Amino acid sequence: SAVISQKPSRDICQRGTSLTIQCQVDSQVTMMFWYRQQPGQSLTLIATANQGSEATYESGFVIDKFPISRPNLTFSTLTVSNMSPEDSSIYLCSVSEETQYFGPGTRLLVL
Amino acid sequence: GENVEQHPSTLSVQEGDSAVIKCTYSDSASNYFPWYKQELGKRPQLIIDIRSNVGEKKDQRIAVTLNKTAKHFSLHITETQPEDSAVYFCAASGVGGFKTIFGAGTRLFVKA
């Protein structure tokens with residue numbers, strides 16, 4: 001299975017600021033995804049990170065708020081822009097080939 | 001849009017008993033159905049999955065059944081142990097795990 005790492009593992013941020021989360025995979029993968037998991041809730045897909053093109057966003061998520069980069073087949077970043085307390089959540093990177101695996105998550109608290 | 005419903009939201013069983021979690025999905029094109037276990041503060045971990053060309057799959061104490069006609073699938077855990085206590089998520093997706101949709105989760109408590 002793919003080994004996925006994320007940085008930072010957690011952060012506390014002030015409202016109005018932005019945070020960029022990094023996701024690194026130990027092998028080349030075609031499909032990379034970003035999910036959000038709010039406290040006590042299920043996983044919600046934010047977007048599919050496409051290598052060499054713009055990310056594909058799900059309903060309710062927009063590029064201005066969650067810009068995503070995918071410069072190669074092993075790396076992606078998600079930025080949470082102009083943060084508010086409602087953005088406090090766990091953000092998970094995920095990769096999928098035959099099966100889907102998740103990174104350890106980034107726990108974000110916005111004050 | 002695509003939807004996955006999961007029941008129950010909470011399940012409490014005595015150690016050694018069986019636990020069953022049920023899910024239904026709306027997208028008839030879904031053909032891959034994974035189950036994840038998430039312990040507190042940890043990432044979801046794949047515990048078993050099933051593809052649409054089979055009706056049942058078993059791995060030690062865990063089994064999953066799939067009824068494509070009815071669009072529902074279930075997780076069965078036998079001889080439950082306290083370490084089975086966690087949140088379990090079902091999910092449905094197309095080929096290659098594209099656009100996986102997750103159920104709301106079931107919080108399983110196994111009482112010793």
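Just above sits the structure.
Residues numbered from 1 in each chain as written. Chains lettered and ligands numbered in written order. Predicted model: local features only at pLDDT ≥ 70, side-chain atom pairs only at ≥ 80, totals over all residues. Heavy atoms only, no water.

**Some points on the environment of Phe73 of chain B**
Residues and elements named next belong to chain B.
Then, in step 1: Within the secondary structure layout, Phe73 lies in strand 8 (residues 72-77).
Then, in step 2: Phe73 sits in the buried class, given a relative accessible area of 0%.
Then, in step 3: A C-alpha to C-alpha distance of 13 Å links Phe73 and Asp27, two positions 46 residues apart in sequence.
Then, in step 4: Look past the residues within four positions of Phe73 in its chain and what remains in contact with it is Ile21, Lys22, Cys23, Tyr25, Phe33, Trp35, Thr65, Leu66, Cys90 and Ala91. (Helix = DSSP H or I, 4+ residues; strand = E, 2+ residues; numbered from the N terminus. Buried < 20%, exposed > 50% of the residue type's maximum accessible area, 1.4 Å probe, protein only. Contact = heavy atoms within 4.5 Å.)

**Remarks on the interface of chain B and chain A**
Then, in step 1: Contact residues are listed per partner, giving 18 residues for chain B and 20 residues for chain A.
Then, in step 2: Surface buried jointly by chain B and chain A totals about 1,600 Å² across both partners, of which 52% is contributed by carbon and sulfur atoms.
Then, in step 3: When the buried area of chain B at its contact with chain A is split by residue, Arg43, Lys99 and Phe102 of chain B rank highest and sum to 32% of it.
Then, in step 4: In this structure, the connection of chain B to chain A is made through 0 salt bridges.
Then, in step 5: Seen at the junction of chain B and chain A, the total is 6 residue pairs in polar contact (both at pLDDT 80 or more).
Then, in step 6: Among the secondary structure elements, those contributing two or more residues to the side of chain B that touches chain A are strand 4 (32-38) and strand 5 (45-51) of chain B.
Then, in step 7: Tallied by class, residues from the side of chain B that touches chain A come to 8 nonpolar, 6 polar and 4 charged. (Buried area = accessible area lost by both parts, 1.4 Å probe. Salt bridge = Lys/Arg side-chain N within 4 Å of Asp/Glu carboxyl O. Polar contact = N/O pair within 3.5 Å; in protein donor to acceptor, adjacent residues only side chain to side chain. Nonpolar A, V, L, I, M, F, W, Y, C, P; charged D, E, K, R; others polar.)

**Some thoughts on the environment of Cys93 of chain A**
All names here are of chain A.
Then, in step 1: Inspection of the secondary structure assignment puts Cys93 in strand 9 (residues 89-96).
Then, in step 2: Judged by relative accessible area, Cys93 falls into the buried class, the value being 0%.
Then, in step 3: Beyond its immediate chain neighbours, meaning those up to four positions away, Cys93 contacts Ile4, Gln6, Cys23, Met32, Phe33, Trp34, Tyr101, Phe102 and Gly103.

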